[in-house]
Amino acid sequence: MALNPCQPLSGDGLTEMARVNRLDAARMFMSAGNGHFGSCYSCTEIITALYFSIMRIDAANPDWPDRDRFIMGKGHAAPTLYSALIRRGFMPEEWMDQYEKAVGVRLMTHPSRRYQPGVDVSQGSLGHGLSIGVGMALAGKLDWRNYNVYVLMGDGETNEGSVWEAAASASKFGLRNLVGIIDSNGLCVDGNLADVMPMEPMAAKWQAFGWDVSRLDGHDLPALLSALAPDRESTTGKPRMIIADTIKGKGVSFMENVRSWHADSISAEQYSRLVAELEERVA
Amino acid sequence: MSRPRMKTSAMIASIAAEGQRTVSAPFGHTLVRLAADRPEIVGMTADLGKYTDLHVFSAVYPDRFYQMGMAEQLLFGAAAGMAREGFMPFATTYAVFASRRAYDFIYMAIAEDQLNVKIVCALPGLTTGYGPSHQATEDLAIFRGVPNLTIVDPCDALEIEQATEAITEHAGPVYMRLLRGNVPLVLDEYSYKFELGKAKLIRDGSDVVFISSGLMTMRTLEAAEFLKADHIDAGVLHVSTIKPLDEVALLAEIRKPGRLIVIVENHNLIGGLGEAVMASSMRNGVMGRIRHIGLPDAFLDAGALPTLHDRYGISTNCLVSQVKAWL
């Protein structure tokens, strides 16, 4: 398959792209010697669905005013985004092998608009994304543009009070052009989110804040496509929240639901196993 | 039974002295004037439109005004988002809330990306008697450490009008300390013209030179007049752009021999204009006889503002007697 598709993908094409995305992230982490595997692999399908089917974007024109915007609230999962931007043609593939290699390379731990074409907002400090997204969605309304703003957050990130400041405001301003996605993998740095600071019932919370909420399996591409589909004619006036139940480290047996793989170093042997497992999927 | 209405001048935020000429809401009216030709200007506040004079703007441009509620992180995050899309948000709140509650958003979401957000904050330094929760005595210390951020501390209504216009023409994030309500008018008598990044010698003096910013320049100008009556010739160098600092103008004044240099600021002695000037002076090997007047490194008392200014040594009378003691 072409790795720089200009047209939206569907079905097997998307599944294959998700597999490529996981391999790309591992390739970047091998370049660096370590990385946020778990956090990347829980949102692989979400990013793949957005960048290869849902979002209106143009690699030849990264600042196209009518493009859909994406904010990587959980900025530490940047390699998943980098892979999507590279495979969509926003950035050259060679950059992957320089990931975190030296000061001055383009791809670093967190997305940066200064160095990476296609990145809409620099991120890294959790809890900023949704507030910035509110501002971009307000701007879209004031400008009479019909782009959507997609904000991906970690479930642990919703511990931040700023998320709820933004939640209330998106509802107040009727930001139907704002779509939040929570990568609900249930794990954060110090343990299970349910122990660290429980956020359930999440759907009820967002509903109470005035959002249209759907909850789905975050690795189920058809379900993601249907929930994320642009609803540019929506008249409910409500922002949308998609709670995606995911598995941290999804796709690699020895990483799935293992907390230490939030961020860890990887050996050559582990890397070979990872590649073998992901290659097996094709067969 | 109704309780007696509380009467305390701690509640009065105006810094105008009795009988002083004032201008009402200079920031709000200037913003309205500028917004007519600049459709990219939007106003945003965190439930303090009324006390940052942004209500003047919202009354004229309700469609370009965003009430974000008591949520300063959202205020500055959303301002960053709007600026990212080409708008020029004027985001207002009290200086304590911008600096203490929303710092990470200002640092990362606004300044790191050099976004064109104008952060305009009332109650800078000791301009309220409400106590430490509302007294932003360390706002400059906090914001001076933010790369890309321009910091302005205007003196009076005239300068607020001119500075508001100037920061609109400047592409990039700005933090401006705001005097609101009935704001004293002083600098029109000195043919003053604000220039972003420039310190201005408002009056020259052969015995003493005050280096002051913000409303302290009102006080140093008054103090210079009192000192004149005692045959002490005092000048005033007004430094309304705190960052970037106009080192050329500062060093030129400090370098002139035989004069006492008195830095006066409405801020904690730590981290504000005084330390900035003295560090610049030392870096450049320019030594003068420098003294420093500012607020103590302490949680200040609540109470009537004039009393507090006397207590903490930044009233005109305090400046005059302190200078005399040093001479």
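Parameters at a glance
- Throughout, a residue's number is its position along its own chain's written sequence, starting from 1.
- In the order they appear in the text, chains get letters beginning with A and ligands get numbers beginning with 1.
- For a predicted model such as this one, the threshold for reporting local features is a pLDDT of at least 70, and the threshold for listing and counting side-chain atom pairs is 80 or more; totals across whole chains, interfaces and linings nevertheless cover every residue.
- Where each domain begins and ends is defined by an automated method or by a domain database.
- Residues are treated as contacting if the C-beta atoms built from their backbones sit within 7 Å of each other.
- Secondary structure elements follow DSSP: runs of H or I of four or more residues count as helices, runs of E of two or more count as strands, with numbering from the N terminus.
- Residue type decides the class: Asp, Glu, Lys and Arg count as charged, Ala, Val, Leu, Ile, Met, Phe, Trp, Tyr, Cys and Pro as nonpolar, and the leftover types, Gly among them, as polar.
- Here a strand pair is declared whenever DSSP counts at least two bridges between the two strands.
- The axes are straight lines fitted to the C-alpha atoms, using for helices just the contacting stretch, and the angles between their N-to-C directions are given from 0 to 180°.
- Counting other C-beta atoms within 10 Å of a residue's own tells you its class, since 20 or more makes it buried, 12 or fewer makes it exposed, and anything in between is partly exposed; those C-beta atoms are placed from the backbone.
- The handedness rule is simple: strands pointing away from the viewer, and a clockwise path from the first strand over the helix to the second, make the crossover right-handed.

(A) Region of interest: the domain arrangement of chain B. Residue and element names in this part refer to chain B. Structurally, chain B comprises domain 1 (20–184) and domain 2 (197–326). On the domain 2 side, the residues contacting the 26 residues of domain 1 number 28 residues. Looking at the side of domain 1 that touches domain 2, the elements with two or more residues in it are α6 (139–143), β6 (150–152) and α7 (157–169). At 3 residues, β6 tops the list of elements feeding residues into the side of domain 1 that touches domain 2. Of the residues that constitute the side of domain 1 that touches domain 2, the class distribution is 14 nonpolar, 6 polar and 6 charged.

(B) Representation of the interface of chain A and chain B. Taken together, the contacts link 20 residues of chain A with 21 residues of chain B. Of all the secondary structure elements, the ones that give two or more residues to the side of chain A that touches chain B are α5 (129–142) and α6 (161–172) of chain A. If you tally residues by element for the side of chain A that touches chain B, the top one is α5(A), at 8 residues. Residue composition of the side of chain A that touches chain B, grouped by class: 8 nonpolar, 9 polar and 3 charged.

(C) A look at the sheet that holds strand β13 (residues 260–268) of chain B. Residues and elements named next belong to chain B. Spatially, the 5 strands line up as an open sheet ordered β9-β11-β10-β13-β14, and their pairing is mixed. Pairing within the sheet leaves two strands with one partner each, and these edge strands are β9 (200–203) and β14 (289–295). Averaged over all pairs of adjacent strands, the angle between strand axes in this sheet comes to 25 degrees, irrespective of strand direction. Relative to β14, β13 is paired through 6 bridges, and the arrangement is parallel. Within β14, the residue paired with Leu260 across the bridge is Arg289.

(D) Spotlight on unusual backbone geometry. Between Glu200(A) and the following residue, Pro201(A), the backbone shows a cis peptide bond with an omega angle of 0 degrees. The topology assignment puts Pro201(A) in the loop between α7 (193–196) and α8 (202–208). Residue Pro244(B) follows Lys243(B) across a cis peptide bond; omega there is -5 degrees. By secondary structure assignment, the location of Pro244(B) is in the loop between β12 (241–243) and α9 (247–255).

(E) Spotlight on the sheet that holds strand β8 (residues 240–245) of chain A. All names here are of chain A. In spatial order, the strands read β2-β3-β4-β8-β7; together these 5 strands make up an open sheet with parallel pairing. For this open sheet the edge positions go to β2 (69–72) and β7 (212–217), each flanked by a neighbour on one side alone. Strand-to-strand twist of the sheet, defined as the mean angle between neighbouring strand axes without regard to direction, takes the value 20 degrees. Where β2 and strand β3 (residues 149–154) come together, 4 bridges link them in parallel fashion. If you follow Arg69 over to β3, its bridge partner there is Val149.

(F) Layout of the pairing of strand β4 (residues 178–184) of chain A. Residues and elements named next belong to chain A. For β4, the buried fraction is high: 7 of the 7 residues fall into the buried class. Of the two faces of β4, the one lined by Leu178, Gly180, Ile182 and Ser184 and the one lined by Val179, Ile181 and Asp183 are each fully buried. With 6 bridges joining them, β3 and β4 adopt parallel strand pairing. Residue pairing for β4: Met153 is matched across the bridge by Ile182. Crossover β3 to β4 through α6 is right-handed. Direction of pairing for β4 relative to β8: parallel, over a ladder of 6 bridges. Counted as the bridge partner of Ile181 is Ile242 from β8.

(G) Focus on helix α5 (residues 103–111) of chain B. When we look at burial in α5(B), the residues that qualify are Phe105(B), Ile106(B), Met108(B), Ala109(B), Ile110(B) and Ala111(B). The inward-facing, buried residues of α5(B) abut α5 of chain A together with α3 (72–84), α4 (95–101) and β5 (118–122) of chain B.

(H) View of the environment of Met68(B). Residue placement: Met68(B) occurs in the loop between β3 (65–67) and α3. Measuring from C-alpha to C-alpha, the distance between Met68(B) and Leu48(B) comes to 9.7 Å, with 20 residues separating the pair along the chain. Filtering out sequence-adjacent residues up to four positions away, Met68(B) remains in contact with Ser169(A), Met44(B), Thr45(B), Ala46(B), Leu74(B), Leu75(B) and Ala78(B).

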